[in-house]
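# Results of the structural survey
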Amino acid sequence: MFNKDVYAKRRDQLRSKIDSGIILILGNGDAPMNYPANPYQFRQDSSFLYFFGLDYQNLAGVLDVDAGKDYIFGNDVDMDDIIWMGPQDSISDRAKKVGIVNTSEFSGLAKFVNEAISKGRKVHFLPPYRAENIILLGSLLGIRNTNVKQYVSIDLIKAIVSLRSIKDKYEIAEIEKAAAIGYEMHTTAMKMTRAGIYEREIAGRMEGIALSGGGKVSFPVILSIHGETLHNHYHGNKLTEDRMLLSDAGAETEMRYCSDFTRTFPVSGKFSQKQREIYEIVLAANNAATLATKPGVKYQDVHLLAARVIASGLKDLGLMKGDVDEAVKAGAHAMFFPHGLGHMMGLDVHDMEDLGENYVGYDEHTSRIDQFGTAYLRLGKKLEPGYVITNEPGIYFIPALIDKWKNEKINEAFINFDKVNEYHDFGGIRLEDDILVTDDGCRLLGDRIPITVDEVEAIMQNR
Ligand code: GLY
Ligand code: MN
């Protein structure tokens, strides 16, 4: 964990952004896979980690805004726990490491919250995303479980988004560590790739690299010769010489900061002309997006710039037609690029998505564009120094979507469906880098994973 002053400062900053009352931030517990003692790998809540730093199960943190005090609620282990888990530090010793001296048994939380409510004090809490925490909040606050989400504190959400969006130097150093693990994962995938092996052999090795880096994968590895399925977690296909392999994966560090990269490369190790032509368009969109990423620029505009680069490249190949700006305005590019350009990244790979995408990615100056494709853009607002984002443009040939648009004549003024037919079985290409917005532009985080055609073919030559 960071030095305790880092956490104390973050809590003071949060307090200064909330008028009054208490702020309740729940940690996570273990989630059972198939019986209670066989849980999924534990993942602490990211806001809890940000303000309290303690990566252990079944804790709650409270900030008393008016009294300026912080509390940790949690139970010390008993002898049974010690027998199965080994000796554990006390809650009070753990809390001291993050600058907190007030601790209590977990059961003290109900009393504390009750007392606050009885005095008419506001209890600020975040949108829960785990059933156990919905039930806990319902019982602490005397609200039906189904109504809990109606009472979340918008003030708290906005305050936390404003703090967590700007990464400090310690956080950036952690993300760079995650990027280095991601580099190893992706270059290993490139070196392992050959016809005849199964996707799972590569995906498993990548996950192992993440685990040996001290954390785990930052989301389930997406690795597929069917890259046209955006989040394809099925790893059962055998690699064939004619396909490209899309690999979208990242790692978490021991402190749970993330990386998230995508590369797409030919199974054969050499791009065919058709593969290279589409690849170069995606690479041009990625590079154009990075060049345009700077403070004060609306990310929505960077997304639309990438869309224009894609539409223009596809027009040059005869897949699209008509005026490029008009085509993008009509959303015609979205048949090929049906997702957003990128997202914030930090303690979550889609940073703070649990707090609500619109609070994280949009504000009073920028509203979500409600058009197929661009509607999926998670981040649209102006960029600020300290934001960490990903840029991940792609071109996909999704047979079901192509057939629907063709049959319904959607955007037929801008799409040459006869030519698209030649690519029906092409697959998909996405290229994703992690980027820090700086005072005057941006910089890539981590060494850039081989990305040009020459770089990719060179690393694959040495397999
Ligand atoms: N790279 C996976 C995602 O951003 O959803
Ligand atoms: Mn991503």
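Parameters at a glance
Residues numbered from 1 in each chain as written. Chains lettered and ligands numbered in written order. Predicted model: local features only at pLDDT ≥ 70, side-chain atom pairs only at ≥ 80, totals over all residues. Heavy atoms only, no water. Donors = N, O, S within 2.8 Å, 3.2 Å for Na, K, Ca; no water. Tetrahedral: all angles 85-135°; square planar, octahedral: opposite > 155°, others 65-115°. Helix = DSSP H or I, 4+ residues; strand = E, 2+ residues; numbered from the N terminus. Disulfide = S-S within 2.5 Å. Buried < 20%, exposed > 50% of the residue type's maximum accessible area, 1.4 Å probe, protein only. Pairing = 2+ DSSP bridges. Expected span 1.5 Å × (residues − 1). Polar contact = N/O pair within 3.5 Å; in protein donor to acceptor, adjacent residues only side chain to side chain. Near = heavy atom within 4 Å. Areas by Shrake-Rupley, 256 points an atom, 1.4 Å probe, with all protein chains shown as cover. Nonpolar A, V, L, I, M, F, W, Y, C, P; charged D, E, K, R; others polar. Contact = heavy atoms within 4.5 Å. Core = buried A, V, L, I, M, F, W, Y, C linked by side-chain atoms within 4.5 Å. Axes fitted to C-alpha atoms, helices over the stretch in contact; angles between N-to-C directions.

A few words now on the coordination of the manganese ion (ligand 2). Coordination angles at a metal have ideal targets, namely 109.5 degrees for four tetrahedral donors and 90 or 180 degrees for six octahedral donors. Distances from the manganese ion (ligand 2) to its protein donors, Asp-260 (OD), His-343 (NE2), Glu-392 (OE) and Glu-432 (OE), fall within 2.1 to 2.2 Å. If you look at the manganese ion (ligand 2), its six donor atoms make angles of 66 to 164° with each other, and the shape they trace is irregular. Considered as a linear motif, the donors of the manganese ion (ligand 2) on their single chain read D-x82-H-x48-E-x39-E. Residue Asp-260 is found in the loop between strand E7 (244-249) and strand E8 (261-266), and its partner Glu-432 is found in the loop between strand E11 (428-430) and strand E12 (433-437); the two are separated by 172 residues along the sequence.

With that settled, consider the state of the cysteines. One pass over the full model with this rule turns up zero disulfides. Sulfur of Cys-258: no disulfide; nearest cysteine sulfur belongs to Cys-442 and is 20 Å away. The exposure class assigned to Cys-258 is buried, which follows from its relative accessible area of 0%. Judged by its relative accessible area of 23%, Cys-442 is partly exposed.

Burial along strand E9 (residues 388-391) is two-sided: Val-388 and Thr-390 facing one way and Ile-389 and Asn-391 facing the other are all buried. Examined bridge by bridge, E9 and E12 share four bridges and lie antiparallel to one another. When the sheet's bridge partners are listed, Thr-390 is paired in E12 with Asp-434.

Under the 1.5 Å per step criterion, the end-to-end length of helix H8 (residues 169-192) is 35 Å for 24 residues, consistent within 8% with the ideal 34 Å. Between the side-chain oxygen at the start of H8 and the backbone nitrogen of Tyr-170 there is a gap of 3.0 Å, and the oxygen is on Asp-168.

Around ligand 1 sit Phe-219, His-231, Asp-248, Asp-260, His-343, His-350, Glu-392 and Glu-432, and those are all the residues in its vicinity. Within the side chain of His-343, an N or O atom sits 2.9 Å from an oxygen atom of ligand 1. Summarising the interface, the protein chains cover 96% of the accessible area of ligand 1, which totals 200 Å² for the free molecule. The residue makeup of the shell around ligand 1, split by class, is one nonpolar, three polar and four charged.

So, about helix H10 (residues 273-292). In an α-helix there are 3.6 residues to a turn, and that puts residues three or four apart on one side. Taking 1.5 Å of rise per residue, 20 residues should cover 28 Å, and H10 covers 29 Å from first to last C-alpha, within 8% of that figure. Of the positions making up H10, those classed as buried are Gln-275, Ile-278, Tyr-279, Ile-281, Val-282, Leu-283, Ala-285, Asn-286, Ala-288, Ala-289, Thr-290 and Ala-292.

The next thing to look at is the environment of Leu-347. One can find Leu-347 in the loop between helix H12 (324-330) and helix H13 (357-361). Classification of Leu-347 by relative accessible area gives buried; the value is 3%. Remark: the alpha-carbon pair of Leu-347 and Met-255, spanning 92 residues in sequence, is separated by 8.3 Å. Look past the residues within four positions of Leu-347 in its chain and what remains in contact with it is Arg-43, Ser-46, Leu-49, Tyr-50, Arg-164, Met-255, Arg-256, Tyr-257 and Cys-258.

Quick look at the nonpolar core now. Core analysis: the biggest nonpolar cluster contains 146 residues, and Leu-14, Leu-109, Tyr-279 and Phe-397 have the highest contact counts within it. Beyond its immediate sequence surroundings of up to four residues, Phe-397 is in contact with Glu-228, Ile-278, Leu-319, Phe-336, Ile-402, Val-420, Tyr-423, His-424, Phe-426 and Gly-427.

Overall, antiparallel pairing links the three strands, which are arranged E9-E12-E13 in an open sheet. The sheet is open, and its two edges are formed by E9 and strand E13 (442-444), each paired on a single side. If you compare each strand with its neighbour and ignore which way they point, the axes differ by 35° on average. Its contacts with the sheet put H10 on E9, E12 and E13, and the angle it makes with E9 is roughly 155°.

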